[in-house]
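Here is how the chains run, residue by residue.
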Amino acid sequence: MALVSWVMDFCIAICLQAQKWMYGGLDSNVLLQYLAWVTYPVVLITFSAGFTQILAPQAVGSGIPEMKTILRGVVLKEYLTFKTFVAKVIGLTCALGSGMPLGKEGPFVHVASLCAALLSKFMSLFGGIYENESRNIEMLAAACAVGVGCCFAAPIGGVLFSIEVTSTFFAVRNYWRGFFAATFSAFIFRVLAVWNRDEETITALFKTRFRLDFPFDLQELPAFAVIGIASGFGGALFVYLNRLIVQFMRKQKAINKFLMKKRLLYPALVTLLISTLTFPPGFGQFMAGKLTQSETLVTLLDNRTWAKQGIAEEFDYIGHSEAWKHPQVNVFVTLVLFIVMKFWMSALATTMPVPCGAFMPVFVIGAAFGRLVGESMAAWFPDGIHTDGTIYPIVPGGYAVVGAAALSGAVTHTVSTAVIVFELTGQISHILPVMIAVILANAVAQSLQPSLYDSIIRIKKLPYLPELGWGHHEKYNIRVEDIMVRDVRYITLNCCYRDLHNVLLTGNLKTLALVESAESMILLGSIERAQLQSLLSQQLGRPRRLEYIRERAAAEKKRLLVLSNTDNEDGNQRASHEVRFQVSHTVVTKCCCDQETEQMICLKSLNAAKAHFHSLVCVLQIAEWEEMQLDEQVNFNNCKIDPAPFQLVERTSLHKTHTIFSLLGLDHAYVTSIGRLIGVVSLKELRKAIEGSVTVKGVKVRPPLASFRDSGTSSSENEATELHKLWDRHRSMSLPREHTPSESDEKSQ
């Protein structure tokens, strides 16, 4: 993954340099400059969208929502194949090389997972352990950490971010594996940068040089808190805006129908709009349009102040920072325009059907907002905030770090962005302000909107189990019996192959319940669909058919042999007839010539008819044999049966069911009553029940369930099942009761 990341960065840098070279070479003609500036990204994005659509449409987008769903235990077809890997890498390189406000952090989680899945498949040729489902989940969990680790050279933040983003419950045994892989990935990534002479030694990706002896004043903490709260609102707005754009495009049927036919038109138009607005001699001059994302971030994290008292003339720092300088407009206006424009541009760009993430654009917007607050503080306190007679000037770069962590944390609903920021900048001096801002941003954003990844899961309608929120007491009163499917597909222990055949034809279930009999319905286990198909193919497969045909041929041969022995007795009579025929042959030769040809034709047609009849008889015999085989009882001796499938009792609460499904990554569970199979619950039913009981616009919605019980009411006697009656009777007979305080005890107390 480090190699993939480095090669991609190298190719992206070449693409971005080519755009700048074309733009710089045509400085004599503004129109040609504009055409070059606009055409280049449009071509790259269109190629990325077209290539991805043709090769693997699954490579579109971030990839984190899909990985979150896969790690939840759901199988998504074609998401972890070699085709998707190629489409993701090439499509992402072109998309980022175009200079659009897109990120690579999300897609890298998917690319790393693809690498892990392909390596597991390759290693399974040598050792069967890599075919194990739980081992694959462990590999993917480590891969998600590697994806972030080698993207930012941030192994610690990468591991923590991957846990926060992809896992509901995280197995601690995967912790060191994730760190091990992510550390080596980040190390190789930075070593390659040194080897290519991009860096002198292994350093942070965006190295900062903040003052360490007195990084910030205590009186600056309210400003950091304001950044956190504002970033929380900004993050929620970004997620809402992103979802609003997608929903608008889907609801407009005429536009949607047109864009479905012309799939490459939408990304081309979006790219044309964004690149036109960022054209440096045009509107781009007011928002540092000619800087790439990494150059923008380097300038925003700079520890020198750009303007004192907001006067642009005193802004004399050379290099990339000069792009923020404008003769008519001061730096505050430039920063505000940059934040506002990049905000909606990034929300729009991430809806394009190309491999792309949103983390990096949001990170840059957050840094710009932090820089704006920092520059404002520097303007209000030009000599710094006085403490004990010592003057310490305000460092706007520190505010940019806080803003970047806060906004990206608000959009993704993670706290680990703080750690990523420390590893990116190489300094931990602003640990407290960053943590305060990130926590406040999360608190605000989580109360307003879901995370960007959860929002995409909802938009794409991926089979992911939503989280249970706080304060919904009705969830504790919903039971499994209220939401389970009662019409369960099952097979019995004494079933015949015909029953097996019919069950496989009627549904597409991955596993089927095995019960003792249709009368008792005692659950014995579950069998995978593939196992049942192999049982059926063994019974009716090619080897069995060939064996039957051989047996039939041997029997026919024996019958013909018996018939030939009876015919030998007439041999002598035939011989005398042949002698007479030879004597008279010379006489009648001339007469029979014409008749011979007719006889030959008749003989051929007779043989053809005989062959057709014979094949028809064979087909009928095989069909008859198949019917006989289907009526035989199934032999489960050579079949892998799971003797302990996951089971719930009918009175298990929805809350407990959600916890079990999330913790174990279940797809479905059988519902039993005293060992009898009475229903099945899958992710679909569970999701519907949870979504029915969450709040919509502040009003609690009653779940559309048959028997919904209000909180505070105990189960009545007529509601109790046979199991509870049996259990109460058994407990009263055999189990010692707990001591309950009587009325006299209460009075004495």
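What you see is a predicted model, and the numbers here were worked out from it, not measured in a lab.

Student: Looking at this model, I keep getting lost on the packing of helix α14 (residues 359-380) against helix α15 (residues 396-412). Mind explaining?
Tutor: Two packed helices can be described by the angle between their axes and the distance between those axes. Contact geometry for α14 and α15: axes closest at 6 Å, N-to-C directions at 140 degrees. One finds that α14 runs oblique with respect to α15. As α14 runs across α15, the sense of the crossing is right-handed. Contact with α14, carried on its side by Phe359, Val362, Phe363, Ile365, Gly366, Ala367, Gly370, Arg371, Val373, Gly374, Glu375 and Met377, involves Pro396, Gly397, Tyr399, Ala400, Gly403, Ala404, Leu407, Ser408, Val411 and Thr412 of α15 and no other residues of that element.

Student: Got a minute to help me understand a nonpolar patch on the surface in this structure?
Tutor: A cluster of nonpolar side chains, contributed by Phe122, Met123, Leu125 and Phe126, occupies part of the molecular surface with about 460 Å² of accessible area. On the secondary structure map, Met123 appears in helix α5 (residues 105-123). On the accessibility criterion, Met123 (33% relative accessible area) is partly exposed.

Student: Explanation requested: the sheet that holds strand β3 (residues 523-528) in the structure shown.
Tutor: The pairing of strands in a sheet happens through backbone hydrogen bonds and is either parallel or antiparallel. Spatial ordering of the open sheet is given by β1-β2-β3, a layout of three strands whose pairing is mixed. Looking at which strands have only one partner, the edges of the open sheet turn out to be β1 (490-492) and β3. Strand-to-strand twist across the sheet, computed as the mean angle between neighbouring axes with direction ignored, equals 35 degrees. Of the pairings in the sheet, the one linking strand β2 (residues 511-515) to β3 comprises five bridges and is antiparallel in character. Of the residues in β3, the one forming a bridge with Val515 is Leu523. Relative to the sheet, helix α21 (residues 529-540) contacts β1, β2 and β3, its axis offset from that of β3 by approximately 80 degrees.

Student: Would you mind going over the pattern of salt bridges with me for this structure?
Tutor: Pairing between side chains of opposite charge can happen when the charged atoms of each approach one another. Scanning the entire structure with this criterion turns up seven salt bridges. Its salt-bridge partner being Lys460, residue Glu66 comes within 2.6 Å of it at the nearest N-O pair. Remark: Lys460 occurs in helix α18 (residues 452-460) and Glu66 occurs in helix α3 (residues 64-71); sequence separation between them is 394 residues. Glu66 gets classed as buried once you look at its relative accessible area, which sits at 1%.

Student: Explain the UniProt feature "transmembrane region" (unreviewed entry) in the protein to me, please; I cannot follow it from the model alone.
Tutor: UniProt records the feature "transmembrane region" (unreviewed entry) for residues 34-56, 108-127, 139-163, 175-195, 221-243, 264-283, 331-350 and 362-381 in the present numbering. The span residues 221-243 shows a helical share of 100% and a strand share of 0%, and its end C-alpha atoms are spaced 33 Å apart. Between the C-alpha atoms that bound residues 264-283 the distance is 26 Å, and the span itself is 65% helix and 0% strand.

Student: Any chance you could explain the UniProt feature "signal peptide" (unreviewed entry) in the protein here in plain terms?
Tutor: UniProt tags residues 1-18 as "signal peptide" (unreviewed entry). Helix makes up 94% of residues 1-18 and strand 0%, whereas the separation of the span's terminal C-alpha atoms amounts to 26 Å.

Student: Got a minute to help me understand helix α11 (residues 265-277) in this structure?
Tutor: Between its first and last C-alpha atoms α11 spans 18 Å; for 13 residues at 1.5 Å apiece the expected length is 18 Å, and the two agree. Buried residues of α11: Tyr266, Pro267, Ala268, Val270, Thr271, Ile274 and Ser275, and no others. Check the buried side of α11 and you find it contacts α2 (30-55), α9 (221-251), α10 (253-261) and α13 (331-349).

Definitions and cut-offs
- Every chain is numbered independently, its residues counted from 1 as its sequence is written.
- In keeping with the predicted nature of the model, local features appear solely for residues at pLDDT of at least 70, side-chain atom pairs appear and are counted solely at 80 or more, and the whole-chain, interface and lining totals rest on all residues.
- Heavy atoms throughout the structure, all of them, feed into the side-chain values; hydrogens and water do not.
- Simply put, an axis is a line fit to the C-alpha atoms, just over the touching stretch for a helix, and the angle between two N-to-C directions goes from 0 to 180 degrees.
- Here a helix means four or more residues in a row that DSSP labels H or I, a strand means two or more in a row labelled E, and each is numbered from the N terminus.
- Any angle between 65 and 115 degrees counts as roughly perpendicular, while under 35 counts as roughly parallel, over 145 as roughly antiparallel, and the rest as oblique.
- Definitions for this section: a left-handed crossing has its near helix turned counterclockwise from the far helix by less than a right angle. A right-handed crossing has that turn clockwise.
- Should any heavy atoms of two residues lie within 4.5 Å, those residues are considered in contact.
- Patch rule: a residue counts if its relative accessible area is over 30% and it has no salt bridge; like charges are joined within 9 Å, and nonpolar side chains (Val, Leu, Ile, Met, Phe, Trp, Tyr) within 5 Å.
- Using a 1.4 Å probe, accessible areas were evaluated by the Shrake-Rupley method; residue-level cover was limited to the displayed protein chains.
- In what follows, salt bridge is the name for a side-chain nitrogen of Lys or Arg lying within 4 Å of a carboxyl oxygen of Asp or Glu.
- Exposure classes here rest on a 1.4 Å probe applied to the protein chains alone. A residue is buried below 20% of its type maximum, exposed above 50%, and partly exposed in between.
- At least two DSSP bridges between two strands are required for those strands to pair.
- UniProt positions are given in the numbering used here, feature names are shortened, and annotations may be inferred rather than shown by experiment.
- What a helix should span is 1.5 Å times the count of its residues minus one.

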